[in-house]
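Here are the chains, one letter per residue:
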Amino acid sequence: MLTPVRIGTPEGSAILARLLDRFQIADRRCQEEVAAIIERVTVEGDNALLDYTRRFDCPGFRRGQFRVSKKELRDAYREVPAALRQSLELAIDRIHSFHEREREESWVMTRDDGTITGRMVHPVPAAGLYVPGGTSGKTPLVSSVLMNGIPAAIAGVERRVMVTPPNAESRVEPALLVAAQEIGVTEIYKVGSAWAIAALALGTDSIPRVDVVCGPGNRYVTEAKRQLSGRVRIDMIAGPSEVLIVADGTAEPAFIAADLLAQAEHDPAALAVLVATDSRVAAAVLVELERQLAGLERQEIARESLANRGAILLVEDLDEALFLANQIAPEHLELMVHEPFQWLSRVSHAGAVFIGPHSPEAMGDYVAGPNHVLPTMGTARFSSALGVETFLKKTSVIAYAREAFLADAAHVERLATLEGLTGHARSVQVRRGNAV
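How each quantity is defined
Starting afresh in each chain, residues are numbered from 1 along the sequence in its written order. Predicted model: local features are reported for residues with pLDDT of at least 70 only, side-chain atom pairs are reported and counted for 80 or more only, and whole-chain, interface and lining totals are derived from all residues. Each side-chain value is derived from all of the structure's non-hydrogen atoms; neither hydrogens nor water enter the calculation. Elements are defined by DSSP. Helices are runs of H or I of four residues or more, strands are runs of E of two residues or more, and each kind is numbered from the N terminus. Relative accessibility thresholds used throughout: buried, under 20% of the residue-type maximum; exposed, over 50%; partly exposed, between the two (1.4 Å probe, protein chains only). Two residues qualify as a contact provided that any one of their heavy atoms is within 4.5 Å of a heavy atom in the partner residue. Here the Shrake-Rupley method, with its probe set to 1.4 Å, supplies the accessible areas, and only the displayed protein chains count as covering residues. Charge assignment: positive for Lys and Arg, negative for Asp and Glu; neither His nor the chain ends contribute. A charged residue contributes its charge at one atom only: NZ of Lys, CZ of Arg, CG of Asp or CD of Glu. An expected span of 1.5 Å times one less than the residue number is assigned to each helix. Any two rings among Phe, Tyr and Trp, with Trp reduced to its six-membered ring, count as a pair given centres within 6.5 Å; such a pair is stacked if its planes are under 30 degrees apart, edge-to-face if over 60, and tilted if neither. Any Lys or Arg side-chain nitrogen located within 4 Å of an Asp or Glu carboxyl oxygen qualifies as a salt bridge. Each nonpolar core is a collection of buried residues, namely Ala, Val, Leu, Ile, Met, Phe, Trp, Tyr and Cys, held together in the definition by side-chain atoms within 4.5 Å. The axes are straight lines fitted to the C-alpha atoms, using for helices just the contacting stretch, and the angles between their N-to-C directions are given from 0 to 180°. Orientation categories follow fixed angle ranges, with anything under 35 degrees roughly parallel, anything over 145 roughly antiparallel, 65 to 115 roughly perpendicular, and all other angles oblique. Handedness of a crossing is defined here by the sense of rotation of the near helix relative to the far one, left-handed for an anticlockwise turn of less than a right angle and right-handed for a clockwise turn. Each residue is assigned to one of three groups, with Ala, Val, Leu, Ile, Met, Phe, Trp, Tyr, Cys and Pro labelled nonpolar, Asp, Glu, Lys and Arg labelled charged, and all others, Gly among them, labelled polar. When DSSP finds two or more bridges between a pair of strands, those strands are recorded as paired.

1. Some remarks on the overall build of the protein
Reasoning step 1: Helix and strand counts for the protein come out as 17 helices and 14 strands.
Reasoning step 2: By its C-alpha atoms, the protein is 85 × 60 × 45 Å across when sized along the principal axes.
Reasoning step 3: Burial statistics for the protein: of 436 residues in total, 49% are counted as buried.
Reasoning step 4: The long-range share in the protein, meaning contacts at least 24 apart out of those at least 6 apart in sequence, stands at 74%.
Reasoning step 5: Carbon and sulfur atoms make up 52% of the accessible area of the protein, which totals about 20900 Å².
Reasoning step 6: Between the mean site of the 46 positive side-chain charges and the mean site of the 56 negative ones, the protein shows a separation of 8 Å.

2. Quick look at helix 6 (residues 142–155)
Reasoning step 1: Between its first and last C-alpha atoms helix 6 spans 20 Å; for 14 residues at 1.5 Å apiece the expected length is 20 Å, and the two agree.
Reasoning step 2: Counting buried residues along helix 6, 13 of its 14 residues qualify, which places the element largely inside the surrounding structure.
Reasoning step 3: Just downstream of helix 6, Gly156 is the residue with a positive phi angle, here 100 degrees.

3. Observations concerning unusual backbone geometry
Reasoning step 1: Despite not being glycine, Ser170 has its phi angle at roughly 60 degrees, a positive value.
Reasoning step 2: Turning to its location among the elements, Ser170 is positioned in the loop between strand 5 (159–164) and helix 7 (174–182).

4. Structural notes on the packing of aromatic side chains
Reasoning step 1: One pass over the full model with this rule turns up three aromatic pairs.
Reasoning step 2: Ring centres of Phe61 and Phe66 lie 5.4 Å apart, and the angle between their planes is 55 degrees; this geometry places the pair in the tilted category. There is no split in this pair, since Phe61 and Phe66 are both buried.
Reasoning step 3: An aromatic cluster is present here, built from Tyr52, Phe56 and Trp195 joined pairwise through their rings.

5. Focus on the pattern of salt bridges
Reasoning step 1: One pass over the full model with this rule turns up 24 salt bridges.
Reasoning step 2: Note that Asp27 is salt-bridged to Arg219, the shortest N-O span being 2.6 Å. Taken together, the residues Asp27 in the loop between helix 1 (10–20) and helix 2 (28–44) and Arg219 in helix 9 (residues 219–228) connect sequence positions 192 residues apart.
Reasoning step 3: Residue classification places Arg219 among the partly exposed positions, given a relative accessible area of 46%.
Reasoning step 4: In this structure, the salt-bridge partner of Glu187 is Arg159, at a minimum N-O distance of 2.9 Å. Here Glu187 is found in strand 6 (residues 187–190), whereas its partner Arg159 is found in strand 5, with 28 residues between them in sequence.

6. Topic: the nonpolar core
Reasoning step 1: Val145, Leu146, Met162, Ile188 and Phe391 are the most contacted members of the largest nonpolar core, which has 42 residues in total.
Reasoning step 2: Ranked by residues supplied to this core, first place goes to helix 6 with eight residues.
Reasoning step 3: Apart from residues lying up to four places away in sequence, Met162 is in contact with Leu129, Val131, Val145, Leu176, Ala180, Val185, Glu187, Ile188 and Tyr189.

7. Some remarks on the packing of helix 6 against helix 7
For any two helices packed against each other, the geometry is given by the interaxial angle and the distance between the axes.
Reasoning step 1: Helix 7 packs onto helix 6 with a crossing angle of 20 degrees between their chain directions and a minimal axis gap of 9 Å. With respect to helix 7, the axis of helix 6 lies roughly parallel. When you trace helix 6 past helix 7, the crossing you get is right-handed. Side by side, helix 6 and helix 7 meet where Val142, Val145 and Leu146 of the first sit next to Ala175, Leu176, Ala179 and Ala180 of the second.
Reasoning step 2: Taken together, the residues of the contact of helix 6 with helix 7 break down into seven nonpolar, no polar and no charged.

8. Quick word on the side chain of Ser143
Reasoning step 1: Counting through the fold element by element, Ser143 comes out in helix 6.
Reasoning step 2: Judged by its relative accessible area of 10%, Ser143 falls in the buried class.
Reasoning step 3: Ignoring sequence-local partners within four residues, the contact set of Ser143 consists of Asp365, Tyr366 and His372.

9. Topic: the sheet that holds strand 11 (residues 311–314)
Reasoning step 1: Taken together, six strands build an open sheet; the order of strands is 1-11-10-9-12-13 and the sheet is parallel. Among the strands making up the open sheet, the edge pair consists of strand 1 (4–6) and strand 13 (352–355). In this sheet, neighbouring strand axes are inclined to one another by 20 degrees on average, regardless of whether the strands run parallel or antiparallel.
Reasoning step 2: Looking at chain direction, strand 9 (residues 242–247) and strand 10 (residues 271–276) are connected through six bridges and run parallel. Directly across from Val243, in strand 10, lies its bridge partner Ala272.

Written as structure tokens, this is what we have:
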């Protein structure tokens, strides 16, 4: 289990160095396997999808089963309890209300000389939403359906496509199908992993290509997105989930331990870090971790994550704690401190900030409203959460009147000539009537 380590000691410096250099590069074997998968999907299309699906998800899968049928969509509603549907409705309303504020409009501006410049904002025509199902569909991420699909809808994406792996009986978890339908997604395919990403990016006979691919997944999904970026837009290259909790002497150890475990249970590679100003709080958190671990279904995963990737760092004060937090730039940052809003302005780099003792990261995963698809591995220094803009493209608009053109022409000729681009200069000169 973890041991509290003070920053400034050799051991603390080693842990901090590990936290600051955590960008994950796929291993060579994963890269080669994914490259081979993409090549097969490129050449063989549906035949490759069928082979991979039979080998890894459903041995009896048939070619005609790729697309979820209308009957399967209808039947799903009978299998989802009313209480769960109410929870989905609440989450949909919150997520939609938040992302509505992210809408962007086209705009133009006119200079005094009559020149018009501006930007047209259009949605991409099609978006692919990858939704993990876990082994045999045991962990259906309904929240991923909502977090990816709702911003795409608000952006105005006409065709939204969901892909998710089938279970061994060639079924998709009914809750996923209900969640998708509730936000208007009915084009759903039973296909997963890297071959699903390749199908979305490249297209096959069964799955027409899309323009944006988003959604979380395992290292094969992530590597496929990395390799296909440029052929298609992707949301981000995401690593294992992360939380960093800043706590002072007023923090409740049971809350801290619960939130560390909420991240640790995701994946053995998940990152759960406490930065504490009070050694007594840190010691109490250790006791709580052991107590609460016993009640987790995914206890072994959480224990491995804490052992391999967890850390408890002791600092002198909150100034040092926030300095460290900004250096680490975590996916999720929790401020469990006295009067946390006073410290919010000190946060520069974090995917999302959770303020106070009653704002666990789990609220953000499901019903708070902001998107839970967030930058990891320190990329919060320069990137943002998935949002409506992920599904928008922008086109610049430029219109010169003759008088305005003549006023600017000499400047363009001068700059083009400096760069050695005589064709650029000539395109201006010919309009002035003085082309050589």
